[in-house]
Each structure stands twice: as C-alpha cells, then as structure tokens.
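# Structural features, examined
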Amino acid sequence: MQAIYDKAILDVAYTHYLRDMLAIFQALEEPSLVAEVLPPSLVDPCLFRCDAIKDDLAALSTSSTDCPLATKLPPLSSPALDTYFKELFSPAQLADGDEMACHHFLHYNAMLSGG
C-alpha cells in the first residue's frame, strides 16, 4: 500500500491489485448475497464499486505502450484470494448477517477512504 500512496507502484502491480478488488466487490455485490445475507441498510447501489474498477482497468490497459497489461498479469485467482473466498462463502459466514456486514464494512470503508 505504501507504494500506492507514494505513487511508485507499477501499472502491472496496480492492475493486479484492482483485479483482486474487482473479484471481491463482484462477490459482495452479488444480488443473491446482497438480498439474502446483508442487512438491508447496507444495500446501497451508490456504494457499488465494480463499474468504477472496470473503468480503471480499461484505462490502465489502454495506457500501456509497450505491452498489453493482460499479458503481464498472473492468473485471475491467487492463493490469498482463494483462501479469503473460502472463508467469505463458508456456510457459517453466509448464515451470519453481522459477520457479512463486517466484510462489507472492511472493503467499502477502505475504498471510500481512499484505499
């Protein structure tokens, strides 16, 4: 994160970060999850981040002059993201609206705070 704040991060690394964030927000914005698990007070489409992240990824992919970013990126899945999703979608997590609200707060608060 320090490299991001210092504006010293490479486009390819930032693109990888955005792809992971997109996967997380796609999960959190999944209609069945939103409707069935999250408290209704947290369901505010104004908070949704997927479209903005997709726009950022598109802008980054067209700004690369020497090589398309997609060819430099590792596969979409990572061990860390796989582990997180395993926890996020465990039966215990999905049965607990308060726990899911914590995930929601963690990610949306971080993004809205400039993370």
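No experiment lies behind these values; they were computed from the predicted model shown. Note that residues are indexed from 1 along each chain, following the sequence as it is written. Where local features are concerned, this predicted model is filtered to residues with pLDDT of at least 70; where side-chain atom pairs are given and counted, the filter is 80 or more; whole-chain, interface and lining totals use all residues. Each side-chain value is worked out from all heavy atoms of the structure, with water and hydrogens disregarded.

Listed as buried for helix 5 (residues 79–88) are L81, Y84, F85 and L88. An end-on view of helix 5 places all buried positions within 95° of arc, on one side of the element. Those residues of helix 5 that are exposed and angled more than 90 degrees off the buried face are P79, T83 and K86. Each residue is placed in one exposure class: buried if its accessible area under a 1.4 Å probe, protein chains only, is under 20% of its type's maximum, exposed if it is over 50%, and partly exposed if it falls in between. Here a helix means four or more residues in a row that DSSP labels H or I, a strand means two or more in a row labelled E, and each is numbered from the N terminus. Summarising the geometry, the arc corresponds to the directions from the helix axis toward the C-beta atoms.

What follows deals with unusual backbone geometry. Even without glycine at this site, K7 takes up a positive phi of about 55°. With respect to the helices and strands, the residue K7 is situated in the loop between helix 1 (2–5) and helix 2 (11–28). Residue class for K7 comes out exposed when judged on its relative accessible area of 76%.

Considering every residue of the protein chain, the mean pLDDT works out to 79; 83% of them sit at 70 or more. The predictor attaches a confidence to each residue, and that confidence, scored 0 to 100, is pLDDT. Contacts between residues were defined by any pair of non-hydrogen atoms, one from each residue, lying within 4.5 Å. Scored below 50 in pLDDT, residues 65–74 shows 16 contacts in the model against residues more than four places distant or in partner chains.

Right, let's get into helix 2. Helices are assigned an expected span. That span is 1.5 Å times one less than the residue count. Between its terminal C-alpha atoms helix 2 stretches 25 Å, which fits the 26 Å expected from 18 residues at 1.5 Å a residue. The complete set of buried residues in helix 2 reads T15, L18, R19, D20, M21, L22, A23, I24, F25, A27 and L28.

This paragraph deals with the packing of aromatic side chains. The criterion for an aromatic pair is that two Phe, Tyr or Trp rings (for Trp, the six-membered ring) have centres within 6.5 Å, with stacked assigned to planes under 30 degrees apart, edge-to-face to planes over 60 apart and tilted to the rest. Taken as a whole and judged by the stated rule, the model has four aromatic pairs. With centroids separated by 4.8 Å and ring planes inclined at 70°, the aromatic side chains of F25 and Y108 adopt a geometry described as edge-to-face. One end of the pair, F25, is in helix 2; the other, Y108, is in helix 7 (residues 97–112), and 83 residues separate them in sequence. Accessibility assignment for this pair places F25 and Y108 in one class, buried. What links up through ring pairs into an aromatic cluster is the set Y84, F85 and F89.

Tracing the backbone through its elements, the reader meets H104 in helix 7. Whenever two N or O atoms come within 3.5 Å, that pair is a polar contact, provided that in protein one can donate a hydrogen and the other can accept it, and provided that, for residues adjacent in sequence, both atoms are side-chain atoms. Of note is the side chain of H104, whose polar atom sits 3.4 Å from the backbone oxygen of L42. Aside from chain neighbours lying at most four places away, what touches H104 is L28, L38, L42, L47 and N109.

With that settled, the discussion passes to the side chain of Q93. Structurally, Q93 can be placed in helix 6 (residues 91–94). Side chain to side chain, Q93 and E99 meet in a polar contact 3.2 Å long. Setting aside anything within four residues of it in sequence, one finds Q93 in contact with V37, E87, L88, E99, M100 and H103.

We now examine the nonpolar core. Side-chain atoms within 4.5 Å link the members of a nonpolar core, which is a set of buried Ala, Val, Leu, Ile, Met, Phe, Trp, Tyr and Cys residues. Counting residues in each nonpolar core, the largest one holds 23 residues, and the members touching the most others are I24, F25, I53, F85, L88 and M100. If we ignore the near neighbours within four places in the chain, the residues touching I24 are L81, Y84, F85 and H107.

What follows deals with the packing of helix 2 against helix 5. Angular values range over 0 to 180 degrees, each being the angle between N-to-C directions of two axes fitted as lines to C-alpha atoms, with helices fitted over their stretch in contact. In the contact formed by helix 2 and helix 5, the axes pass within 11 Å of each other and the chain directions differ by 10°. Here helix 2 lies roughly parallel to helix 5, going by the angle between them. Where helix 2 approaches helix 5, its residues D20, A23, I24 and A27 are matched on the opposing element by L81, Y84, F85 and L88. All amino acids are sorted into three groups, where Ala, Val, Leu, Ile, Met, Phe, Trp, Tyr, Cys and Pro are nonpolar, Asp, Glu, Lys and Arg are charged, and the leftover types, Gly among them, are polar. Considering only residue class, the contact of helix 2 with helix 5 consists of seven nonpolar, no polar and one charged. If an angle is under 35 degrees, it is roughly parallel; if it is over 145, roughly antiparallel; if it lies from 65 to 115, roughly perpendicular; otherwise it is oblique.

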